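Each chain, written out:
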Amino acid sequence: MDETRPGGGEVGAYEHERDTGARNGANGCGRIPSSSAQLKGRGVVSIRYVDQDGAERPVEVGLGVNLMEAAVRNGVVAIEGECGGACACATCHVYIPEAWRAVAGEPSEHERMMLEFGVEVDERSRLSCQIKVTPEMDGMTVLTPRSQR
Amino acid sequence: MADKPFIETHYSHHDPAFAQDPYGFFAGVRSKCPMGHSDQLGSFYFPTTYDGVKRVFSEFRTFTSTEGAGLPDQMVRLLPVDLDPPQHTRWRRVLNRFFTSEAAAEDRARIQTVADTLVDDFIERGRADAVNELTRPFLAMTMLPVLGVPLEDRQMIGQKLLWMVHNRLVDHEGWIKCYQEVDAYLTGLVAKRRLEPRRNDLVQCLIEEEFDGRRLSDTEGYQVILLTLFGALDSTSSAMSSSLYHLARHPADKQRLLSGETPWEGALEEFIRFSTPIQGLRRQVTQPTELEGCPLEPGVNVLALCGAGNRDPEKFPEPDLCLIDRDARDHLSFGAGAHVCIGRHFARVMLQTCLETVLRRLPDYDVEPGFEPDYTASEARALKTLPIVFTPGPRVLA
C-alpha cells in the first residue's frame, strides 16, 4: 500500500515529514496566535450607530474589533460588510462626524480607492471595516447611510 | 534538508481517495504544522488553519485571483471570479442586485414549487435517491429557468454542467467538447434574448448594462452565466444531501428543528460549515510574504481550503461534529473577501426549503440499510448518491 495516500494511517505516514523533523513549532512550524485572541479581555467601549432617521443604537465593542464587525454582530442592518472586512466591497460604508474624525483617523490610499464604490460618499465617508476600536473612541457616533447598494 | 516550515504531502482535491475524508488528512497536517505543501497539480501550498485560509481569501493584493480560481487551470476564464478589486468590484456591483437576500426571499415560493414537484415524482414510491432525484435536479430546476433554458433542455444542460464540474482532470478532450457544446447552447440563448422583449433579469443585465465602463461581449456574458451555473450545481446540492444524511442519522436534530427548539437560521450555517461543498479555491502569490510561518515567493500557488478552515478546532471546537446549536456564522463555505459567494442568500433559502419539505413530507425517511457514503472529488465535494426509504405519501401538485 502506498502510505502517502489517504487511508495510509496518521499524518506521520506522509512522505518527507519525518525528514523535516516538523514537530510543534520546533522548526518555525508553530501556530501564530490570531490578533483577535490577543486582544480578548482588554475592555470595551460604547459606539453609537445612528441611522439616517436618527434612530440610535449603542453597541459595546471590544478594543481592536472593527466597526463593521461590531455592527453586523449586533444587528445594525445598515452595514452589510459583504467581504468580511477585506476592504474589498465597500458595503460597510459609514460617515464619521467631524468631531470624531481625528480619533477615527484618515482612510488609507486603498480605502479611498474602494470608497469609489460606496453610495452617496462624501468627505465624512469611511469603510467601517477599516476602523479598529481604540479606547479614545468611547462614546463615538457613527452615521450609517440609507443604502449600501 | 530539515526545518521546512511546512509539511510535504501528495494532497489533491481532485483525488477521489482524499475526497472521502479530507478532514482527517487536514487535521493530521494541522497537528504538526499550520502549512502544508503538495507536489500534485503543479505544486501548491495550503494553510490548514482558519486564520490562514481566511487571510488568503481576504488579502487580494498578495493572493491574486487573476490566474484563475481553479487548480489546475479551468481552461476557460470565469467572470468575475478571475478578477481582483477594484475591477472585480465594478462587476460585482452590477451583478449583486440579482442575488440580494431580498431577491432570494422573494423567490421562496417558486423554490418551494421546485421542491414539491421533485418530491411528488417519487413520494408514492417509498424510496428514492435523494441526490439524483432531489438535490441535484433541485439546483438545475431552480437556476436554468432563470437563464431561460426551456423545460425540455434542462436535464441535458444540467447533466453536461455537472459532468464538467467533476471531470476536468479525468477527460480533457471530453471536457473541451462538452464546454463547446454548452458554450454554443448558452450563447445561443443569450443571442435569442437580444431579440425578445426586455425583462428585468440577469440575462438582460448581461446584454445591455455596462461592466467596468463597457458592454460585455457574447463570450463574456457566457462566462458569467457559466460561473453562475457552476456555482449553483454541486455546491448547494452537496449541502442539501449532507444535511439530509446527518438528519437521517440524528433523529433528535430532526425533532429539534421540527419543534422550533433549534432555529433554522443557526442550523443552516452549521450544515453549510459541516458540509463545505466547495473544498478549496486557488490564489497566486504576487509579492514575497509569509503565511502561517511559511515564506512564500511570487508565482507560487496557494489553495485556500475552505474545508480545512472550517474544521480548525481553534475556531470551531469539536469541528468534526455537526452541532446544529453552535454559532457557525463565521464559516468559510462561501469563501471570504471580495469573492464571497454571490449566491449565498439563494443557497440558504434553497437549503432550508429542501430540508423543510423533506421533514414535512417524508417525516420518517431514513437512509437505506448498508449505505456507505461515496463523495465526488474536484472543487465540489458531494455525496454521489443518498438512497432513502420512507412511508409513501400523496402528491401535492396537480
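Residues numbered from 1 in each chain as written. Chains lettered and ligands numbered in written order. Predicted model: local features only at pLDDT ≥ 70, side-chain atom pairs only at ≥ 80, totals over all residues.

Structural notes on the overall build of chain B
Phase 1 of the analysis: Check the secondary structure of chain B and you find 16 helices and 13 strands.
Phase 2 of the analysis: Dimensions of chain B, computed from the C-alpha atoms along their principal axes, are close to 70 × 55 × 40 Å.
Phase 3 of the analysis: Counting over 398 residues, chain B shows a buried share of 48%. (Helix = DSSP H or I, 4+ residues; strand = E, 2+ residues; numbered from the N terminus. Buried ≥ 20, exposed ≤ 12 C-beta atoms within 10 Å, placed from the backbone.)

What to know about the overall build of chain A
Phase 1 of the analysis: Secondary structure summary: chain A contains five helices and five strands in total.
Phase 2 of the analysis: Element order for chain A, N to C, with α for helix and β for strand: α-α-β-β-α-β-α-α-β-β.
Phase 3 of the analysis: Looking at the 149 residues of chain A, the share that counts as buried comes to 35%.
Phase 4 of the analysis: In chain A, the share of contacts with a sequence separation of at least 24, taken over all contacts with a separation of at least 6, comes to 60%. (Contact = placed C-beta atoms within 7 Å.)

Examining the confidence of the model for chain B
Phase 1 of the analysis: When the pLDDT values of chain B are averaged, the result is 94; 99% of them are 70 or greater.
Phase 2 of the analysis: Across the assembled chains, the prediction reports ipTM 0.84 with pTM 0.90. (pLDDT = per-residue confidence, 0-100.)

Describing the pairing of strand β11 (residues 301-305) of chain B
Residues and elements named next belong to chain B.
Phase 1 of the analysis: Of all five residues in β11, five are buried; the element is thus mostly enclosed.
Phase 2 of the analysis: Here β11 shows a buried face lined by Asn301, Leu303 and Leu305 and a second buried face lined by Val302 and Ala304.
Phase 3 of the analysis: For strand β8 (residues 280-285) and β11, the ladder comprises five bridges, and the chain directions are antiparallel. Across the sheet, residue Gln284 finds its bridge partner in β11, namely Asn301. (Pairing = 2+ DSSP bridges.)

A short note on the packing of helix α8 (residues 151-166) of chain B against helix α9 (residues 172-195) of chain B
All names here are of chain B.
Phase 1 of the analysis: Between α8 and α9, the least distance of the axes is 10 Å, while the angle of their chain directions is 140°. Taken together, the axis directions place α8 and α9 in an arrangement best described as oblique. α8 and α9 meet at a crossing whose hand is left-handed. Contact with α8, carried on its side by Ile157, Lys160, Leu161, Trp163 and Met164, involves Trp175, Cys178, Tyr179, Glu181, Val182 and Tyr185 of α9 and no other residues of that element.
Phase 2 of the analysis: Split into classes, the residues belonging to the contact of α8 with α9 amount to nine nonpolar, no polar and two charged. (Axes fitted to C-alpha atoms, helices over the stretch in contact; angles between N-to-C directions. Parallel < 35°, antiparallel > 145°, perpendicular 65-115°, else oblique. Left-handed = near helix turned anticlockwise from the far one by under 90°. Nonpolar A, V, L, I, M, F, W, Y, C, P; charged D, E, K, R; others polar.)

So, the environment of Gly84 of chain A
Phase 1 of the analysis: Within the secondary structure layout, Gly84 of chain A lies in the loop between α3 (67-73) and β3 (93-95).
Phase 2 of the analysis: A C-alpha to C-alpha distance of 7.8 Å links Gly84 of chain A and Glu69 of chain A, two positions 15 residues apart in sequence.

Re the confidence of the model for chain A
All names here are of chain A.
Phase 1 of the analysis: A residue-level look at chain A finds 73% of positions with pLDDT of 70 or above and a mean pLDDT of 81.
Phase 2 of the analysis: When the criterion is pLDDT under 50, residues 1-26 qualifies, and its contacts beyond four places in sequence or with other chains add up to 51 contacts.
Phase 3 of the analysis: In this model, residues 36-40 is a region of pLDDT below 50 whose contacts with residues beyond four sequence positions or in other chains number four contacts.

Section: the sheet that holds strand β13 (residues 387-389) of chain B
All names here are of chain B.
Phase 1 of the analysis: Strand order across the open sheet formed by three strands is β5-β13-β12, with antiparallel pairing between neighbours. Each edge of the open sheet carries a strand with a single partner, namely β5 (127-129) and β12 (366-367).
Phase 2 of the analysis: The sheet contact formed by β5 and β13 spans three bridges and is antiparallel. The partner of Arg127 across the bridge, within β13, is Val389.
Phase 3 of the analysis: Set on the sheet, helix α7 (residues 130-146) makes contact with β5 and β13; between it and β5 the angle comes to about 60°.

Here's the deal with the nonpolar core
Phase 1 of the analysis: Ile47 and Leu67 of chain A together with Val53, Phe138, Leu244, Ala304 and Leu351 of chain B are the most contacted members of the largest nonpolar core, which has 138 residues in total.
Phase 2 of the analysis: Counting residues per element, this core draws most heavily on α7 of chain B, which supplies nine residues.
Phase 3 of the analysis: Those residues in contact with Ala304 of chain B, other than ones at most four positions away along the chain, are Val53, Val56, Phe57, Gly280, Leu281 and Arg283 of chain B. (Core = buried A, V, L, I, M, F, W, Y, C linked by C-beta atoms within 7 Å.)

Remarks on α7 of chain B
All names here are of chain B.
Phase 1 of the analysis: Between the first and last C-alpha of α7 there are 23 Å, a value that for 17 residues agrees with the 24 Å anticipated at 1.5 Å per step.
Phase 2 of the analysis: At Pro137, α7 shows its maximal kink, close to 40°.
Phase 3 of the analysis: α7 sits mainly inside the fold: 14 of its 17 residues count as buried.
Phase 4 of the analysis: The positive-phi residue at the C-terminal boundary of α7 is Gly148, with phi of around 85°. (Expected span 1.5 Å × (residues − 1). Bend = angle between axes of the 7 residues up to and from the residue.)

Thoughts on unusual backbone geometry
Phase 1 of the analysis: Following Leu71 of chain B, the chain continues into Pro72 of chain B via a peptide bond in cis, with omega recorded as -5°.
Phase 2 of the analysis: Assignment of secondary structure puts Pro72 of chain B in the loop between β4 (63-64) and α4 (87-95).
Phase 3 of the analysis: One non-glycine residue with positive phi stands out, namely Ala90 of chain A, at about 60°.
Phase 4 of the analysis: Here Ala90 of chain A shows up in the loop between α3 and β3.
Phase 5 of the analysis: The phi torsion at Ser378 of chain B lies on the positive side, around 100°, for a residue other than glycine.
Phase 6 of the analysis: Along the chain, Ser378 of chain B turns up in the loop between β12 and β13.
Phase 7 of the analysis: A tally of 23 C-beta atoms within 10 Å means that Ser378 of chain B is categorised as buried.

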